[in-house]
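# Notes for the structure review
So the chains spell out like this:
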Amino acid sequence: MASQYTPRVFSGIQPSGGLTLGNYLGAMKRFVDMQNTGDFETVYCMVDLHAITVWQDPQALSRNTRELCAGFIASGIDPEKSILFNQSQVPEHAQLGWVFNCVARMGWMQRMTQWKDKAGKNSQNASLGLFGYPSLMAADILIYHATHVPVGEDQKQHLELTRDIAIKFNNDYGVDFFPVTEPVIEGAATRVMSLRDGSKKMSKSDPSDMSRINLTDDADAIAKKIKKAKTDPEALPSDVDGLADRPEARNLVNIYAALADSTPEAVLAEFGGQQFGAFKPALGDLAVSKLAPISAEMSRLMDDPAEIDKILRRGAERGREIAAPILAKTYEIIGMVR
Ligand code: TYM
């Protein structure tokens, strides 16, 4: 079945400011790995239309889009190998998003935990865009007939909904047109937790800057945040079962494993029995050695915004070459007169 589709990866990140170590390990680093396997066409997007589901300052949105593009490239995305662009420059996303608004059901959207979390108690005052967010996300993926979508754990439910939308569209119109996409949620760092509270996701919206590592942090800040990260008084266990009730310890071990392209088992084989007093400096050194070059390269790229804009325009052209025929076929299936 799947062989009818080109193996193609799509994923997106919101340009709403402040990339964290969670975005890097849960998403960007894995995007680079998938690009470099050579097994897929890879399409990566700054989802600016998603970002405006909550109000964004216009100048900040432009800056954050360029900074995110710089972050992708500094992390290892090659705009020649991958298609790299911002969503609003490929209008087919929004066009297919509208079609999917008519396929998806209100009840499906209401069950989304991110909607419930973001809209909170005041859902009547949330934007209609925020409610329909997952439907546009399905369009992002399916406008490329993407077969694989690497994301962090927090996007799992949205990807299940993407599959439901593809299946319902295919059933409603009696076609086998949209692929049922595979989420790729793999590796040690699909859910990087706060450095201050091992039960909370590391997030750019956490009020405490000490809870996260930002991709723009310098070496001193990275080392300090890891040194101050919450831990427990025990030594590290020698196997992963020993991390079961120790969320902060588990988080630091997972971060180490992901940064080192290793596994938690291998990290514990090396550090099991040692105290955090020994482990944290090793983790700090590793994090600085991997992240400081990214942050330096990001600021270098940000010195030439015209070059970034050129890359995004070129990426959008390449994106449209795939997206336009898929939209045209969708309209034909639905019966739109062309
Ligand atoms: P966004 O912008 O919130 O996050 C981008 C990516 O980073 C991952 N991530 C994490 N991974 C591990 N640990 C964390 N603490 C952490 N925080 C963030 C997210 O899982 C995500 O993969 N809805 C998406 C953007 C989107 C998209 C798409 C993704 C729009 N269209 C189509 C995939 C396919 C979002 O808000 O991601």
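Residues numbered from 1 in each chain as written. Predicted model: local features only at pLDDT ≥ 70, side-chain atom pairs only at ≥ 80, totals over all residues. Heavy atoms only, no water.

Within the protein, the regular secondary structure consists of 13 helices and five strands. For 338 residues, the compact-globule estimate of 2.2 N^0.38 gives 20 Å, and the C-alpha radius of gyration of the protein, at 21 Å, lies within 12% of that figure. Here the C-alpha coordinates of the protein stretch approximately 70 × 45 × 45 Å along the principal axes. Considering only contacts in the protein between residues 6 or more positions apart, those separated by 24 or more positions represent 77%. Here the protein displays about 15700 Å² of accessible surface, and carbon together with sulfur accounts for 51% of that area. Charged side chains of the protein number 37 positive and 43 negative; the gap between the two group centres comes to 5 Å. (Helix = DSSP H or I, 4+ residues; strand = E, 2+ residues; numbered from the N terminus. Rg over C-alpha atoms; globule rule 2.2 N^0.38 Å. Contact = heavy atoms within 4.5 Å. Areas by Shrake-Rupley, 256 points an atom, 1.4 Å probe, with all protein chains shown as cover. Lys, Arg positive; Asp, Glu negative; His and termini not counted. Charge placed at Lys NZ, Arg CZ, Asp CG, Glu CD.)

The next thing to look at is the pattern of salt bridges. Two side chains bearing opposite charge may form a pair once their charged atoms approach each other closely. All chains considered together, the criterion is met by 19 salt bridges. Note that Arg66 is salt-bridged to Asp309, the shortest N-O span being 2.7 Å. Here Arg66, found in helix H3 (residues 58–75), pairs with Asp309, found in helix H13 (residues 305–334); they are 243 residues apart in sequence, far enough to count as distant. Close ionic contact of Arg163 with Glu182 constitutes a salt bridge, the shortest N to O distance being 3.8 Å. Taken together, the residues Arg163 in helix H8 (residues 156–173) and Glu182 in strand S5 (residues 182–184) connect sequence positions 19 residues apart. Glu182 sits in the partly exposed class, given a relative accessible area of 41%. Through salt bridges with shared partners, one network takes in Asp209, Arg212, Asp217 and Lys225. (Salt bridge = Lys/Arg side-chain N within 4 Å of Asp/Glu carboxyl O. Buried < 20%, exposed > 50% of the residue type's maximum accessible area, 1.4 Å probe, protein only.)

Position of Ile255 among the secondary structure elements: in helix H10 (residues 247–259). Look at Ile255 and you get buried, because its relative accessible area is 3%. C-alpha separation for the pair Ile255 and Ala188, spaced 67 residues apart in sequence, amounts to 7.3 Å.

So, on to the domain arrangement of the protein. One can read the domain layout of the protein as domain 1 (8–190 + 305–334) and domain 2 (209–300). Once you take the C-alpha centre of each, domain 1 and domain 2 turn out to be 29 Å apart. Each side of the interface is counted separately: domain 1 has 14 residues, and domain 2 has 16 residues. At the boundary of domain 1 with domain 2, total buried surface from both sides reaches about 1300 Å², with 76% on carbon and sulfur atoms. Its largest share of buried area at the contact with domain 2, domain 1 owes to Leu21, Ala74 and Ala188, together 40% of the area lost on that side. (Domains from an automatic or database assignment. Buried area = accessible area lost by both parts, 1.4 Å probe.)

At their nearest, the axes of helix H9 (residues 219–227) and helix H12 (residues 276–302) sit 9 Å apart, and the two run at 150° to each other. Classified by the angle their axes make, H9 and H12 are roughly antiparallel. The interaxial crossing formed by H9 with H12 has right-handed handedness. Packed against H9, whose contacting residues are Ala219, Ile222, Ala223, Ile226 and Lys227, the element H12 presents Lys280, Leu283, Gly284, Ala287, Val288 and Leu291 at the interface. Grouping the constituent residues of the contact of H9 with H12 by class yields eight nonpolar, one polar and two charged. (Axes fitted to C-alpha atoms, helices over the stretch in contact; angles between N-to-C directions. Parallel < 35°, antiparallel > 145°, perpendicular 65-115°, else oblique. Left-handed = near helix turned anticlockwise from the far one by under 90°. Nonpolar A, V, L, I, M, F, W, Y, C, P; charged D, E, K, R; others polar.)

Turning our eyes to something else, we now look at H12. For an α-helix, 3.6 residues make a turn, and residues three or four places apart therefore share a direction. The terminal C-alpha atoms of H12 lie 37 Å apart, and with 27 residues this matches the ideal 39 Å at 1.5 Å per residue to within 8%. At Leu291, H12 shows its largest kink, close to 30°, and the proline Pro293 lies no more than four residues downstream. Those residues of H12 lying buried are Phe276, Phe279, Lys280, Leu283, Gly284, Leu286, Ala287, Leu291, Ile294, Ser295, Met298 and Leu301. Looking at the buried residues of H12, the elements they touch are helix H1 (21–37), H3, H9, H10, helix H11 (264–271) and H13. (Expected span 1.5 Å × (residues − 1). Bend = angle between axes of the 7 residues up to and from the residue.)

This part is about the site of the ligand. In the region of the ligand, 26 residues are neighbours, and Gln14, Tyr133, Asp140, Asp154 and Val192 sit closest. A distance of 3.0 Å separates a nitrogen atom of the ligand from a polar atom in the backbone of Met202. Burial of the ligand by the protein amounts to 95% of the accessible area it has alone, namely 710 Å². At the level of elements, strand S1 (8–13), H1 and helix H7 (128–142) are the ones that each hand at least two residues to the shell around the ligand. (Near = heavy atom within 4 Å. Polar contact = N/O pair within 3.5 Å; in protein donor to acceptor, adjacent residues only side chain to side chain.)

As a further point, take the side chain of Thr42. Within the fold, Thr42 resides in strand S2 (residues 41–46). The class for Thr42 is buried, based on a relative accessible area of 3%. Polar contacts involving the side chain of Thr42 include one to the side chain of Ser82, which spans 2.7 Å. Excluding residues that lie within four positions of it along the chain, Thr42 makes contacts with Val9, Met34, Gln35, Lys81, Ser82 and Ile83.

As a further point, take the packing of aromatic side chains. In this description, a pair of aromatic rings is defined by centroid distance and the angle of the planes. According to the stated counting rule, one finds 15 aromatic pairs in the structure shown. Each ring, one from Tyr256 and one from Phe271, has its centre 5.3 Å from the other, and the planes form 70°; the classification is edge-to-face. Of the two residues, Tyr256 sits in helix H10 while Phe271 sits in helix H11, which places them 15 residues apart along the sequence. Considered together, Tyr256 and Phe271 belong to a single accessibility category, that of buried residues. The structure contains a cluster of three or more aromatic residues connected by ring pairs, namely Phe100, Phe169, Tyr173, Phe177 and Phe178. (Phe/Tyr/Trp six-rings, centres within 6.5 Å; stacked < 30°, edge-to-face > 60°.)

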